[in-house]
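Chains, contacts and geometry: an overview
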Amino acid sequence: MKKTAKKTAVEKKRLIVAMTGATGSIYGIRMLERLRAMGDWETHLVVSDAGLMNAWEDLRLKRRDIEKLADVVYPLRDVGATIASGSFLTEGMVIAPCSMKTLAAVAHGFADNLITRAADVILKERRRLVLLTREAPLNLAHLRNMVQVTEMGGVIFPPVPAFYSHAKTIDGMVNHTVGRVLDIFGIQHETIARWQGMGTSARRKGA
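Note that the structure is predicted; figures quoted are calculated from it, not measured.

Note the cis peptide between A96 and P97, where omega equals 0°. Structurally, P97 is set in strand β4 (residues 92–98). A cis amide bond links A136 to the next residue, P137, at an omega of -5°. Examined against the element boundaries, P137 turns out to sit in the loop between β5 (128–133) and α6 (140–151). Here the phi dihedral of R60 falls at roughly 60°; this positive angle occurs in a residue that is not glycine. By the element assignment, R60 lies in the loop between α2 (49–59) and α3 (63–67).

Among the nonpolar cores identified, the biggest contains 29 residues, and L45, I66 and V94 are the most heavily contacted of them. Considering every element that reaches this core, the biggest residue donor is helix α1 (residues 25–38), with five residues. Among residues more than four places away in sequence, those in contact with L45 are V17, M19, L32, I66, E67, A70, V72, V73 and Y74. With 27 residues, the next largest nonpolar core counts I16, F88, I95 and V149 among its residues.

Take the pattern of salt bridges next. All told, the structure shown has nine salt bridges when counted by the stated rule. Close ionic contact of R63 with E67 constitutes a salt bridge, the shortest N to O distance being 3.5 Å. You can see R63 and its partner E67 sitting in helix α3, four residues apart, about one turn around the helix. What makes R63 partly exposed here is its relative accessible area of 41%. Residue E67 is classed as buried on the basis of its relative accessible area, which comes to 14%. A salt bridge links E125 to K124; its shortest N-O distance comes to 2.7 Å. Judged by relative accessible area, which is 30%, E125 ranks as partly exposed. A network of salt bridges, in which partner residues are shared, links E11, R14 and E42.

Rules used in this analysis
Residues numbered from 1 in each chain as written. Predicted model: local features only at pLDDT ≥ 70, side-chain atom pairs only at ≥ 80, totals over all residues. Heavy atoms only, no water. Helix = DSSP H or I, 4+ residues; strand = E, 2+ residues; numbered from the N terminus. Core = buried A, V, L, I, M, F, W, Y, C linked by side-chain atoms within 4.5 Å. Buried < 20%, exposed > 50% of the residue type's maximum accessible area, 1.4 Å probe, protein only. Contact = heavy atoms within 4.5 Å. Salt bridge = Lys/Arg side-chain N within 4 Å of Asp/Glu carboxyl O.

Below, the structure is given as structure tokens:
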């Protein structure tokens, strides 16, 4: 069921979050949780059929469990939705996780559902598009599609763990990756351990 966002006195910034058919559903879930906790962001969610299957396989989450985390939810086939138009203002879109099929569709402008249409709109409007691509190893088609999306202005962001964060759990690694994605969108947060330099060789000027 589609949810309609309530109007507020202060207009919230909008971010489109999509989840597709690859393992790594936790990244999309954590994005929704972080943005909701911030309070000043309005999330617009689309989940593919395969994305729902993977959310169940990864996390035992059903559609209603995912949709309750978003402000506005759209059916995958609703290509007439607001986010299918460039005149609907958003800060951009993140596809987390992003399957190789979705990557290929974005790379070749194959806007056959709302996820790929919304991504196409984000690119044509020169807004930020981030794809958390999940697959390994990569074949040549995958790599070429990644190059093509990059050349169009998108950001390919495989969720590779940063071991300098010294995360003790998988959840900690997920949080660090999601925090870095928030950085790309210029979203202010203090949810990750940031690199402070190696050892004690760095010294502030004037110290």
